[in-house]
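# An overview of the molecular structure
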Amino acid sequence: MHYIRTILILLVIYLALTGNLQPSNIVLGALVAAVATLLLRPQPSRLDWRRLPAATWALIRYIAILAVDVIESGITVARIVLDPKLPIRPGIVAIPSGCSSELGTALSAHALSVTPGELVIGIDDYGVLYTHCLDATHSAEYAAQAQAMRRDLLSKIFV
Amino acid sequence: MQTLLQLIAILAVILGTVFSVLGVLGFIRLPDVYTRLHATGKVSIFGVVLLLLATVMLTPLGFGKGLVLIALLVIGGPATSHAIGSAAHRIGIPMKRAIRDDLGALEQNQAGE
């Protein structure tokens, strides 16, 4: 069952990439997806249909927040670069992710790397994210706050 | 409608080019590996995303392909930056003008025990 789900997702991405809906292309896409799925060996995961609307809504909000973060981080870093005095106070700050699962920690690390002036350098066994900040003086509290909000959304998406 | 789309596309081309140039400028101006990763990994990806948006609107590339490429860039970009930064820290490249280093302090504690 979860094999078929993976094949369907891969098929949709393949059709989006090639951008033509002729029957021959769909058959080819299904074949490619099937071979890729056999090589990947996806792990079975339970799909709870009642949680789906809430999860979808959380996912949309998460993507919107991520998009705003990408734009903001581009502008913030660009302003620092353009400033003649180069106002950076770099440093590595420890930010606890608060997630117990590996997937949650990895996704938090990704979201944190996208936000302005922060880049995850290392993760320890307890899920603490060691983050390189362009401005390490007051971004630690702000980052911890943003992290808490993202963790709530992520926990709604993935159990 | 067509002209509006073209105007947005031209704006995206200009902004995308500006951000790409800023990424390179940051790469030259910033002092060390970690700070340079901020410039290349974020500003440049933002520029490329804008250029891709313009490409989707101006050429017959198709929205699906463009959106999938943007998603892959946004997912892959931070991962690449993290891989380079983590590798740089592991082989011990020092930070310049650093005001705190929690990870370095942790490693020193572990070495001391």
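Residues numbered from 1 in each chain as written. Chains lettered and ligands numbered in written order. Predicted model: local features only at pLDDT ≥ 70, side-chain atom pairs only at ≥ 80, totals over all residues. Heavy atoms only, no water.

## Observations regarding the pairing of strand β1 (residues 91-96) of chain A
Judged from the two bridges that link them, β1(A) and strand β1 (residues 100-101) of chain B form a sheet pairing that is parallel. Across the sheet, residue A:Ile92 finds its bridge partner in β1(B), namely B:Asp101. Sheet analysis places β1(A) next to strand β3 (residues 128-133) of chain A, joined by six bridges and oriented antiparallel. Across the sheet, residue A:Ile95 finds its bridge partner in β3(A), namely A:Leu129. (Pairing = 2+ DSSP bridges. Helix = DSSP H or I, 4+ residues; strand = E, 2+ residues; numbered from the N terminus.)

## Considerations on the confidence of the model for chain B
Per-residue pLDDT for chain B averages 81, and the proportion of residues at 70 or more is 91%. Across chain B, element-level confidence peaks in helix α1 (residues 2-29) of chain B with a mean pLDDT of 87 and bottoms out in helix α4 (residues 102-112) of chain B with 68. (pLDDT = per-residue confidence, 0-100.)

## Let's talk about the packing of helix α3 (residues 52-82) of chain A against helix α4 (residues 102-114) of chain A
Think of two packed helices as two axes; the pair is described by the angle between the axes and how far apart they sit. Residue and element names in this part refer to chain A. Running from amino to carboxyl end, α3 crosses α4 at an angle of 35°, the nearest separation of the two axes being 8 Å. Here α3 contributes Tyr-62, Leu-66, Asp-69, Val-70 and Ser-73 to the contact with α4, which in turn contributes Leu-107, His-110, Ala-111 and Val-114. Grouping the constituent residues of the contact of α3 with α4 by class yields six nonpolar, two polar and one charged. (Axes fitted to C-alpha atoms, helices over the stretch in contact; angles between N-to-C directions. Contact = heavy atoms within 4.5 Å. Nonpolar A, V, L, I, M, F, W, Y, C, P; charged D, E, K, R; others polar.)

## Comments concerning the interface of chain A and chain B
Opposite the 39 residues of chain A that make contact, chain B presents 36 residues. Around 3200 Å² of area is buried between chain A and chain B when both sides are counted, 74% of it from carbon and sulfur atoms. On the surface where chain A and chain B come into contact, there are zero salt bridges. Counting across the chain A and chain B interface gives three residue pairs in polar contact (both at pLDDT 80 or more). The set of elements that each furnish at least two residues to the side of chain A that touches chain B consists of α1 (2-18), α3, β1, α4, β2 (118-123) and β3 of chain A. Of all the elements, α3(A) adds the most residues to the side of chain A that touches chain B, at nine residues. Taken together, the residues of the side of chain A that touches chain B sort by class into 26 nonpolar, 10 polar and three charged. (Buried area = accessible area lost by both parts, 1.4 Å probe. Salt bridge = Lys/Arg side-chain N within 4 Å of Asp/Glu carboxyl O. Polar contact = N/O pair within 3.5 Å; in protein donor to acceptor, adjacent residues only side chain to side chain.)

## A closer look at the packing of aromatic side chains
All names here are of chain B. This model, assessed by the stated rule, comprises one aromatic pair over all chains. Pairing Phe-19 with Phe-46 gives two aromatic rings, centres 4.7 Å apart and planes at 65°, and the pair type is edge-to-face. Here Phe-46 lies in helix α2 (residues 33-58) and Phe-19 lies in helix α1, a separation of 27 residues in the sequence. A relative accessible area of 10% places Phe-19 in the buried class. (Phe/Tyr/Trp six-rings, centres within 6.5 Å; stacked < 30°, edge-to-face > 60°. Buried < 20%, exposed > 50% of the residue type's maximum accessible area, 1.4 Å probe, protein only.)

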